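Okay, here's what each chain looks like letter by letter:
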Amino acid sequence: MHEIIRQLDEKRAAARLGGGQRRIDAQHAKGKLTARERIDLLLDPGSFEEWDMFVEHRCVEFGMADSKIPSDGVVTGHGTINGRLVFLFSQDFTVLGGSLSETHAAKICKIMDQAMKVGAPVIGLNDSGGARIQEGVDSLAGYAEVFQRNVLASGVIPQVSLIMGPCAGGAVYSPAMTDFIFMVEDSSYMFVTGPDVVKTVTHEQVTAEELGGAITHTSKSGVADLSFENDVVALLQLRRFMDFLPANNKQKPPVRPTDHAWDSYDMSLDNLIPNNPNMPYDMKELILKIVDEGDFFEVAPKFAANIITGLARMEGRTIGIVANQPMVLAGCLDIDSARKAARFVRFCDAFNIPLLTLVDVPGFMPGTSQEYGGIIKHGAKLLYAYAEATVPKVTLITRKAYGGAYDVMSSKHLRGDFNYAWPTAEIAVMGPKGAVEIIFRQDLDNAEKIAERTEEYRRLFANPFVAGSRGFIDEVILPHGTRKRVNRAFAILRDKALENPWRKHGNIPL
Ligand code: HXC
């Protein structure tokens, strides 16, 4: 017995050493933690149970028969985050660059299958050079097995990817199909092909950072949702993020009790909207003042900042917030903001997270670059997402709600449950100036008449009362009481039941 236990200890120690001390030191020298150190930080202490520690690859080509390392470049298993079960895999860059072999893939598939059976989230800590080159098609087959599971798990259990090293080739496509991608700054990259191949094929000279670093993907491509300064911060923020999510699509999000009074007033909100309708203000101020304890986990803050998306709690319960940001591009809807918000709305709807929509939108962004880029299709994504969502939907129009964008932003007509407006709301086909310049085109050189008409249009339409008279707005509320009203609305909607007609799946304008 003692001998067997000694052998077990030896085997475990060998597995824990991964690709060896030299490579572990190299990993540390780059400011990166090892696969197992990352797990220790992410999970509750002592909660991790590792699976398949002794799995080895079966490849014999290119001298691989002599380089078998237990665990085969990925640590898998389950544990808890603040007491709640998660399954996870953490790729070990010290073993053949964390590259994915047939057996490495099988380990990931095993925990994904188990997570699906018990209804628990899957977290991927990615640090991989892509398909293991020595294995050829076996490795590609392994990737496809993972991709298939990503798709079947989509909308059933939350899937979150944290990119913690250079992820190339197939290593980026599995994260791409998960719900959220977070990156570590300066040490993680995502690209389909690296800078060398880019140079050969397109003659572009580009660094790995420019091609697929955290700044690129969180601000230019929108592929990643958030980035953090190092491994430790990223893992701790991931713990915080997971606290907002339900374990699966049959559960409601967890409840976290709060001392923040549900009906508290904030008088400063009465002064949030500037007197001049063309002056911006910070919509985040409103969010932070109405959610529990001002705790807002913003998703994709640097990409399409004209729309804000993120998770918060009201009366301890997770809600998703989508809000136009007047500080950026006047809060208009464009291709990127519509795509960003649509994906977020669909995530919330899939996982029973009620939606609060804060509206101050002057319309869709005009221009050739938007039209040529397909704003019609992309804008329709957000329209589609809101229209199909069956979770509780509370909408508040703070100021502008013009044109098609009024319809899109969770309007009453898209099955909005509680549609509120502040007295400062302007709900119309377009702004007074634009409207008058079209209706009274023949008087354009008569400045006095145009000014008169503009004022008349503003008086008649730039308010919440016309929409209110039609029943499109349920109630005009005072800004200082917003938290109370929104909390009460979500409380009433807690057991909302609404289903869409049966279908195989809808055809969202992709
Ligand atoms: C096998 C690999 C590997 C791979 C890296 N290694 N990538 N082994 N298969 N894909 C090994 C290296 O040989 C090295 O071994 C160790 O990992 C560390 O690699 P380095 O190059 O020394 O590290 P670094 O300088 O940090 O560069 C990391 C890297 C680079 C950017 C990831 O290694 C790289 O470009 N790798 C190849 C990426 C790639 O082309 N992958 C295949 C894509 S095709 P030693 O023994 O020296 O420690 C693909 C198809 C799937 O993925 C498509 C599905 C849709």
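Since the structure is predicted, the reported quantities are computational estimates derived from the model, not experimental observations.

Draft legend 1. Just the site of the ligand, in detail. The ligand sits among 19 residues. The nearest are Arg23, Gly97, Gly129, Ala131 and Gly170. In this structure, Gly129 approaches the ligand through a main-chain N or O atom, which is 2.7 Å from a nitrogen atom. Ala131 is positioned such that a nitrogen or oxygen atom in its backbone is 2.9 Å from a nitrogen atom of the ligand. With the chains in place, 54% of the 1000 Å² that the ligand exposes on its own is no longer accessible. Looking at which element gives the most residues to the shell around the ligand, the answer is helix 5 (residues 137-153), with three residues. Taken together, the residues that form the shell around the ligand break down as nine nonpolar, seven polar and three charged.

Draft legend 2. Spotlight on helix 16 (residues 432-439). The complete set of buried residues in helix 16 reads Pro432, Ala435 and Val436. Axial view of helix 16: buried residues confined to an arc of 95°, hence all on one face. Buried residues along helix 16 sit against strand 14 (393-402) and helix 17 (447-461).

Draft legend 3. Molecular detail of the packing of helix 16 against helix 17. For the pair helix 16 and helix 17, the least separation of the axes is 9 Å and the interaxial angle reads 125°. The pairing of helix 16 with helix 17 is recorded here as oblique in orientation. Considering only the axes of helix 16 and helix 17, their crossing is right-handed. Across the interface between the two elements, Pro432, Lys433, Ala435, Val436 and Ile439 from helix 16 touch Ile450, Arg453, Thr454, Tyr457 and Arg458 from helix 17. Partitioning the contact of helix 16 with helix 17 into residue classes produces six nonpolar, one polar and three charged.

Draft legend 4. Looking closely at the packing of aromatic side chains. In total, this model carries 13 aromatic pairs according to the counting rule given. On the basis of an interplanar angle of 75° and a centroid distance of 4.7 Å, the ring pair of Phe180 and Phe347 is categorised as edge-to-face. Of this pair, Phe180 sits in strand 7 (residues 180-184) while Phe347 sits in helix 12 (residues 335-350), and the two are 167 residues apart along the sequence. On the accessibility criterion, Phe180 (4% relative accessible area) is buried. The exposure class assigned to Phe347 is buried, which follows from its relative accessible area of 6%.

Draft legend 5. Structural context of the pattern of salt bridges. Enumeration according to the criterion identifies 28 salt bridges in this entry. The salt bridge partner of Arg256 is Asp243, with a shortest N-O separation of 3.0 Å. Taken together, the positions of Arg256 in the loop between helix 10 (231-242) and helix 11 (283-290) and Asp243 in the loop between helix 10 and helix 11 put the pair 13 residues apart, joining distant regions of the chain. Connected through shared salt-bridge partners, Lys32, Arg38, Asp127 and Asp231 make up one network.

Draft legend 6. Spatial organisation of unusual backbone geometry. Positioned with a positive phi, Ser71 is a non-glycine residue whose angle comes to about 90°. Among the secondary structure elements, Ser71 is positioned in the loop between strand 1 (49-51) and strand 2 (74-81). Given a relative accessible area of 3%, Ser71 falls into the buried group. A positive phi angle, near 50°, is found at Glu315, a position not held by glycine. Within the secondary structure layout, Glu315 lies in the loop between strand 11 (307-314) and strand 12 (317-324). Glu315 gets classed as partly exposed once you look at its relative accessible area, which sits at 27%.

Draft legend 7. Representation of the nonpolar core. Judged by nonpolar contacts, the single largest core of 62 residues is most densely connected at Phe182, Leu238, Phe241 and Leu382. If you tally residues by element for this core, the top one is helix 12, at seven residues. The contact partners of Phe241, leaving out residues within four places of it in the chain, are Val160, Phe180, Phe182, Phe297, Val299 and Leu311. Listed in part, the 28 residues of the second largest apolar core include Met283, Ile290, Ile308 and Ile321.

Draft legend 8. Looking closely at the side chain of Asp127. Structurally, Asp127 can be placed in the loop between strand 4 (122-126) and helix 5. Among the polar contacts made by the side chain of Asp127, one reaches the side chain of Gln27 at a distance of 3.1 Å. Here Arg38 takes part through its side chain, which lies 3.0 Å from a polar atom of the side chain of Asp127. Sequence-distant contacts of Asp127, defined by excluding residues within four places in its chain, comprise Gln27, Lys32, Arg38, Gln91, Phe93, Gly97, Gly98, Met164, Gly165, Pro166 and Cys167.

Draft legend 9. Fine view of the pairing of strand 12. With seven of eight residues buried, strand 12 lies mostly within the body of the structure. Taken together, the eight bridges between strand 11 and strand 12 define a ladder with antiparallel strand orientation. Each residue of the ladder has a partner; that of Thr309, found in strand 12, is Val322. Counting the residues between successive antiparallel strands, the hairpin from strand 11 to strand 12 contains two residues, one of them, Glu315, with a positive phi of roughly 50°. Pairing of strand 12 with strand 13 (residues 355-361) involves four bridges; the strand directions are parallel. Bridged to Gly320 within strand 13 is Leu355. One crossover worth recording links strand 12 to the parallel strand 13 by way of helix 12, and it is right-handed.

How each quantity is defined
Residues numbered from 1 in each chain as written. Predicted model: local features only at pLDDT ≥ 70, side-chain atom pairs only at ≥ 80, totals over all residues. Heavy atoms only, no water. Near = heavy atom within 4 Å. Polar contact = N/O pair within 3.5 Å; in protein donor to acceptor, adjacent residues only side chain to side chain. Areas by Shrake-Rupley, 256 points an atom, 1.4 Å probe, with all protein chains shown as cover. Helix = DSSP H or I, 4+ residues; strand = E, 2+ residues; numbered from the N terminus. Nonpolar A, V, L, I, M, F, W, Y, C, P; charged D, E, K, R; others polar. Buried < 20%, exposed > 50% of the residue type's maximum accessible area, 1.4 Å probe, protein only. Arc of directions from axis to C-beta. Contact = heavy atoms within 4.5 Å. Axes fitted to C-alpha atoms, helices over the stretch in contact; angles between N-to-C directions. Parallel < 35°, antiparallel > 145°, perpendicular 65-115°, else oblique. Left-handed = near helix turned anticlockwise from the far one by under 90°. Phe/Tyr/Trp six-rings, centres within 6.5 Å; stacked < 30°, edge-to-face > 60°. Salt bridge = Lys/Arg side-chain N within 4 Å of Asp/Glu carboxyl O. Core = buried A, V, L, I, M, F, W, Y, C linked by side-chain atoms within 4.5 Å. Pairing = 2+ DSSP bridges. Right-handed = clockwise from strand over helix to strand, strands pointing away.

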